[in-house]
Number of protein chains: 2
Amino acid sequence: MLQLSNGQWSSLYNIFSFGLISMLATTVFTLVSQSRVLPKYRIALVMSSMVTFIAGYHYFRIFNSFTESSMKNAVSVGTAQGSFNEAYRYIDWILTVPLLLVEVIAVLALAKEASKSLISRLVPASAAMIILGYPGEISSNNGTKVIFGILSTIPFLYILQVLFVELTKSLDRQPEGVAATVSRLRLLLIGTWGVYPISYLLPILIKHPSATQAADLFTGRQIGYTIADVLAKCVFGLTILKIARMKSAAEGMADTH
Amino acid sequence: MLQLSNGQWSSLYNIFSFGLISMLATTVFTLVSQSRVLPKYRIALVMSSMVTFIAGYHYFRIFNSFTESSMKNAVSVGTAQGSFNEAYRYIDWILTVPLLLVEVIAVLALAKEASKSLISRLVPASAAMIILGYPGEISSNNGTKVIFGILSTIPFLYILQVLFVELTKSLDRQPEGVAATVSRLRLLLIGTWGVYPISYLLPILIKHPSATQAADLFTGRQIGYTIADVLAKCVFGLTILKIARMKSAAEGMADTH
């Protein structure tokens, strides 16, 4: 049992709710924006809608799991019935991270062979990253956390490196004005993805946390994950939409939408 | 009452949630992908959307039934009010399996007479297969399980044989490149449908199971059914979409989507 303060409990309650509606609102926005980009960029928007739809579902579950697993601000964490279910995040990521990667590749509109090669490298790497992270997440042993953290970081760095290189390479091929936005997407990717390992590692910072420290670490981790999710899914998806709009305009789509 | 361990309880809780969101996300994806295939292939996508929509509903029910029928990881299984309702799966299958069969036939785009003949043979066979399976599923008597298992296997093998033969025959008629995907569809069909009888038969493996063994068997069966459902409905539907896209492109649809 983690005894949270009033402020901590209501911060989490509200940030989960914020995550939930941000995901759903972005889903609606990217769905209705389909016709505002050229057909070849629509699949990138569909992928973004799928990502935020799946994440919205999981924030709904996380929100409910949090309220149902706590009583008088005390949260029961673990895997027993009625505990706060941390696994929702991992099930979310195993579905959304591969979709996010396909979303980036789709908006770059590379040649078919290049896209296929990227997908076949990045999707298995992202699955490995998430599957290797989970045992560390649920373990209360810091040694286990560090080992799985390191194992999970290998595919994580590989993905970032491949994406960073591809996005950088594609800068030259982008029409005028788009390059700046793709460059920002690159930064957004590094910046938001960097929050996940920090949130993951938070519990390791303090070896034998007191009850207050454990509550602080739990609250910090959940807030970190939620902010990272909103940036990496909603803001990221809206940036993808902006890039698709600019490329569509540069390729002759009338800008009347 | 089946006393599950923490790990078993949370595995089932999470895999039911995973099944639910996989079905719903696939439903949205196949719905928005309608315009990306030629009109004659759209009915196959509609069928796929219906299959995953109906299955998503049932996973929502199964998820709720599971949490409501369990207390402190102990699940009450049976047909009394408040028990874990195994019938949801059978109601799901009686609706989705005929639709799945129509989905395959639709994407093959056979001549009208050939389609009609296939549907009139496969739909009644699939109904017989599911109706004959249910008495065995809910019986706690192994003899009853085996008898209904055998009765249900007769239409099951008939369906697989007819579909396999039809898919194989259609390989020659497919445009270049599509044959490989249709051939993969054939494998997916055999591979995933094969999981159902294995999950069904799991409880027969051990004659007088101890409480621990009974919990293991229950967990194994539910996980098996869920994975088979995700493969046979989501992955299958996405493969149908891929075939429809490839055939549309081969028949002259501009590949700009």
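Residues numbered from 1 in each chain as written. Chains lettered and ligands numbered in written order. Predicted model: local features only at pLDDT ≥ 70, side-chain atom pairs only at ≥ 80, totals over all residues. Heavy atoms only, no water.

### Let's talk about the sheet that holds strand S2 (residues 70-71) of chain A
All names here are of chain A. Note the threshold: Two strands are counted as paired when DSSP detects at least two bridges linking them. In this text, helices come from DSSP runs of H or I with a minimum length of four residues, and strands from runs of E with a minimum of two, each type numbered from the N-terminal end.
Strands sit in the order S1-S3-S2 across an open sheet of three strands; the sheet is antiparallel. If you trace the sheet from one side to the other, it starts and ends with strand S1 (2-3) and S2, each paired once. Note: S2 against strand S3 (residues 74-75), two bridges, orientation antiparallel. Across the sheet, residue Met71 finds its bridge partner in S3, namely Ala74.

### Let's talk about the interface of chain B and chain A
Just so we agree on the cut-off: Note on definitions: a residue-residue contact is assigned when non-hydrogen atoms from the two residues lie within 4.5 Å. Accessible area that two parts lose when put together, evaluated with a 1.4 Å probe and summed over both, is termed the buried area. Take a side-chain nitrogen of Lys or Arg and a carboxyl oxygen of Asp or Glu: if they are within 4 Å of each other, that pair is a salt bridge. Contacts described as polar in this section are N or O atom pairs within 3.5 Å, which, within protein, must combine one atom able to donate a hydrogen with one able to accept it, while residues neighboring in sequence count only if both atoms come from side chains. Under the scheme applied here, ten amino acids are nonpolar (Ala, Val, Leu, Ile, Met, Phe, Trp, Tyr, Cys and Pro), four are charged (Asp, Glu, Lys and Arg), and all others, including Gly, are polar.
In this complex, chain B contributes 27 residues to the contact, which on the side of chain A involves 21 residues. Both sides of the chain B and chain A interface together cover about 2,000 Å² of buried area, and 65% of this is carbon and sulfur. Ranking the residues of chain B by area buried against chain A places Asn14(B), Ile21(B) and Phe29(B) at the top, with a combined share of 25%. Inspection of the region where chain B meets chain A yields zero salt bridges. For the pair chain B and chain A, the number of links is eight residue pairs in polar contact (both at pLDDT 80 or more). The element best represented in the side of chain B that touches chain A is helix H1 (residues 6-32) of chain B, accounting for 16 residues. A class-by-class count of the residues in the side of chain B that touches chain A yields 13 nonpolar, eleven polar and three charged.

### As for the pattern of salt bridges
The criterion, for reference: Per-residue accessibility, obtained with a 1.4 Å probe over protein chains only, is compared with the maximum for each type, and a residue is labelled buried under 20%, exposed over 50%, and partly exposed between these values.
This structure, assessed with the given rule, holds 16 salt bridges over all chains. Note that Lys233(A) is salt-bridged to Asp92(A), the shortest N-O span being 2.7 Å. With Lys233(A) in helix H8 (residues 211-250) and Asp92(A) in helix H3 (residues 87-108), this pair connects stretches of sequence that are 141 residues apart. Across this residue pair, the class does not change: Lys233(A) and Asp92(A) are buried. Residues Lys40(B) and Glu251(B) are paired through a salt bridge, measuring 3.0 Å at the closest nitrogen-oxygen approach. Here the residue Lys40(B) occupies a position in helix H2 (residues 39-68), and Glu251(B) occupies one in the segment after helix H8 (211-250), the gap between them amounting to 211 residues. Shared partners join several salt bridges into a network, and the residues in it are Glu86(A), Arg89(A), Asp92(A), Glu137(A), Arg221(A), Asp229(A) and Lys233(A).

### Concerning the packing of aromatic side chains
The condition that has to hold: Between rings of Phe, Tyr and Trp, where Trp is taken as its six-membered ring, a pair exists when centres lie within 6.5 Å; planes separated by under 30 degrees are stacked, by over 60 edge-to-face, and by other angles tilted.
One pass over the structure, following the stated rule, counts 27 aromatic pairs over all chains. A ring pair is formed by Trp9(A) and Tyr13(A), whose centres lie 5.0 Å apart and whose planes are at 20°; its orientation type is stacked. Within this pair, Trp9(A) and its partner Tyr13(A) are both found in helix H1 (residues 6-32), separated by four residues, close to a single helical turn. Given the relative accessible area of 19%, Trp9(A) is considered buried. Ring centres of Trp9(B) and Phe66(B) lie 5.2 Å apart, and the angle between their planes is 25°; this geometry places the pair in the stacked category. One end of the pair, Trp9(B), is in helix H1; the other, Phe66(B), is in helix H2, with 57 residues separating them in the sequence. We note that Trp9(B), like Phe66(B), is buried. Three or more aromatic residues joined by ring pairs make a cluster, and in this case those are Tyr88(A), Trp9(B), Tyr13(B), Phe16(B), Phe63(B), Phe66(B), Phe84(B) and Phe218(B).

### Regarding the relation of the copies chain B and chain A
Threshold: Only residues with pLDDT of at least 70 in both copies contribute their C-alpha atoms to the least-squares superposition of the copies.
Relative to chain A, chain B is turned by 76° and slid 0.2 Å along the rotation axis, the superposed coordinates differing by an RMSD of 0.1 Å. Such a combination of turn and shift is consistent with a five-fold rotation axis. No C-alpha of chain B approaches the rotation axis more nearly than that of Val32(B), which lies at 8.9 Å.

### With respect to the packing of helix H5 (residues 142-171) of chain A against helix H6 (residues 178-193) of chain A
All names here are of chain A. Counted only if it meets this: As a rule, the C-alpha atoms of each element are fitted with a line to give its axis, helices using only the stretch in contact, and angles between N-to-C directions run from 0 to 180 degrees. With respect to orientation, any angle under 35 degrees is reported as roughly parallel, any angle over 145 as roughly antiparallel, any angle of 65 to 115 as roughly perpendicular, and every other angle as oblique.
Viewed as axis vectors pointing N to C, H5 and H6 meet at an angle of 170°, and their least axial separation amounts to 9 Å. Put simply, H5 runs roughly antiparallel to H6. Each of Phe156, Ile159, Leu160, Leu163, Phe164, Leu167, Thr168, Ser170 and Leu171 in H5 lies in contact with H6, whose residues at this interface are Ala179, Val182, Ser183, Leu185, Arg186, Leu189, Ile190 and Trp193.

### Examining H3(A)
In an α-helix, one full turn covers 3.6 residues, which means residues spaced three or four apart are oriented alike. Residues and elements named next belong to chain A. Here is the rule we go by: Expected span of a helix, by definition, is 1.5 Å for each gap between consecutive residues, and there is one gap fewer than residues. Bend, in this description, refers to the angle at a residue between axes fitted to the seven residues ending there and the seven starting there.
The first and last C-alpha atoms of H3 sit 32 Å apart over 22 residues, in line with the 32 Å expected at 1.5 Å per residue. Helix geometry: H3 is bent most strongly at Trp93, by close to 30°. Most of H3 sits inside the fold, with 19 of its 22 residues counted as buried. Immediately beyond the C-terminal end of H3, within one or two residues, lies Ala109, with a positive phi of roughly 50°.

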